[in-house]
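This is what each chain is made of:
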Amino acid sequence: GGRSFAVLLVSLFAAISPSFSFTPSAPMPSASSCFPTKKSKWCTRALKPSMFPTVTSMSTSNNKEEAQGWNLLKLPSRSASITTSKEDRERLRMRGLLPAGQVTMEAAVEALMEQIRDKSTDLERYILLHSIQDGCEKIYFAALMKYTKELMPIVYTPTVGQACLDWHRIYRHTPRGLYLSLEDIGHVKEALQNWPEKNIKVIVVTDGERILGLGDLGVNGMGIPVGKLALYTACAGIDPAYCLPVQLDVGTNNEALRNQPTYMGLRRQRERGPSYDQLVKEFIEAAKEEYGSSVLIQFEDFGNKNAFRLLETYSQNTVLSKPRYSLR
């Protein structure tokens, strides 16, 4: 049963471990914590770091042309997944990387909607939708555009509020926007250059201080720019390749969130001094330099003091959307 299978997995990792090297940054959990059961004492052998491969130890092709199909399927903004035509599969070197049958976009969307409707909570629906977005944006946006009225409350308010509260728990491990922290001062342009899309037209940025009516959520506020830009694509037809969500990490005063083991932002009080302004200024200047002076920058869910101040400071020489702010 499940225990036997888990024991087999542990044994298999142990058998292949000489092939790999791994340097952990923290102690590895015990096997019993990795395979929890009602009686967790059945397996007490510790999982050794050497059981897991490093990225460098995994075999990769040095020929970019050979890996073209694989790379396209792994890139959410380019992949058509199982809807890829027979001709494109052949042309883009995808033979064997997908099941033989082609699924129409209509069928893929209806299958997704059936799964969404089977979920018991809106947060589960949100997570499922973003799992699809992280694999194939074409299917995600096709569903959002066809079922906008049904999906909008899941992609954005009110569900996005719960998603932000739980962002540190439901993080999908696929880059979905840029996180710029105080530690990036002096390197913001470099960070923008790391983003794969180069023709950005619209940026939605937050510092996470006043997320909806939920208060200071630090980097958990990234769900707001991601959700807002998804609606710009679904409702206004803006190519998602033109859109960039940005989270400015200047700390958070939410101590309970800051102390969560999986909180991903700076573990410090929110910056109120010159470093805050320095990060914002460098970001705006770098964005205009990289994407042109006409790039639209929308401030979203800033605290009211910074929202008004930033609008006044930059509205004369930057294309800004009116900031969303809270008076609380």
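For the structure itself, look to the data block above.
Throughout what follows, the structure given in this document is the object of discussion. (Residues numbered from 1 in each chain as written. Predicted model: local features only at pLDDT ≥ 70, side-chain atom pairs only at ≥ 80, totals over all residues. Heavy atoms only, no water.)

For the rest of this paragraph, the subject is the sheet that holds strand β2 (residues 202–206). Strand order in this open sheet of five strands is β1-β3-β2-β4-β6, and the pairing throughout is parallel. At either margin of the open sheet sits one strand with a lone partner, and together these are β1 (178–181) and β6 (320–321). Here β1 runs beside strand β3 (residues 243–249); their pairing, made up of four bridges, is parallel. Its bridge partner being in β3, Leu178 is matched across the sheet by Val246. (Pairing = 2+ DSSP bridges. Helix = DSSP H or I, 4+ residues; strand = E, 2+ residues; numbered from the N terminus.)

This part covers the nonpolar core. Residues Ile116, Leu129, Leu144 and Leu151 are the most contacted members of the largest nonpolar core, which totals 37 residues. Residue assignment for this core shows that the elements contributing at least two residues are α5 (105–118), α6 (122–133), α7 (137–146), α8 (148–155), α9 (159–165), α10 (167–170) and α12 (223–236). Membership of the second largest hydrophobic core comes to 31 residues, among which are Val188, Trp195, Tyr276 and Phe283. (Core = buried A, V, L, I, M, F, W, Y, C linked by side-chain atoms within 4.5 Å. Buried < 20%, exposed > 50% of the residue type's maximum accessible area, 1.4 Å probe, protein only.)

For the largest pocket, the calculated volume is near 490 Å³. Along the wall of the largest pocket there are 24 residues; nearest its centre are Ser77, Glu137, Pro175, Arg176 and Trp195. Broken down by secondary-structure element, the contributors of at least two residues to the lining of the largest pocket are α7, α12 and β3. Of all the elements, α12 adds the most residues to the lining of the largest pocket, at four residues. (1 Å grid on protein atoms, 1.4 Å probe; cavity = no way out; pocket = protein on both sides within 12 Å on 5 of 7 lines; lining within 4 Å. Points joined across faces, edges and corners; volume = space filled by probe spheres on them.)

So, on to the packing of aromatic side chains. Using the criterion set out here, one finds two aromatic pairs in the structure. Seen in terms of ring centroids, Phe299 and Phe302 are 5.1 Å apart; in terms of plane orientation they differ by 80°. Their pairing is edge-to-face. Accessibility classification places Phe299 together with Phe302 in one group, the buried group. If you follow Arg117 out to its NZ or CZ, it ends over the ring of Tyr147, 5.2 Å from the centre. (Phe/Tyr/Trp six-rings, centres within 6.5 Å; stacked < 30°, edge-to-face > 60°. Lys NZ or Arg CZ within 6 Å of the ring centre and 35° of its normal.)

Right, let's get into the environment of Ile139. You can see Ile139 is positioned in helix α7. By relative accessible area, Ile139 is classed as buried at 8%. Apart from the residues within four sequence positions on either side, Ile139 is in contact with Thr83, Met105, Ala108, Val109, Leu112 and Ile132. (Contact = heavy atoms within 4.5 Å.)

With that out of the way, let us pick up the pattern of salt bridges. Two side chains with opposite charge may pair up if their charged atoms get near one another. Enumeration according to the criterion identifies 16 salt bridges in this entry. Between Asp277 and Arg309 there is a salt bridge, and its shortest N-O distance comes to 2.8 Å. Residue Asp277 is found in helix α14 (residues 274–291), and its partner Arg309 is found in helix α15 (residues 304–314); the two are separated by 32 residues along the sequence. Assessed through its relative accessible area of 33%, Asp277 is described here as partly exposed. Assessed through its relative accessible area of 33%, Arg309 is described here as partly exposed. What emerges from the salt-bridge pattern is a single network uniting Asp134, Glu137 and Arg176. (Salt bridge = Lys/Arg side-chain N within 4 Å of Asp/Glu carboxyl O.)

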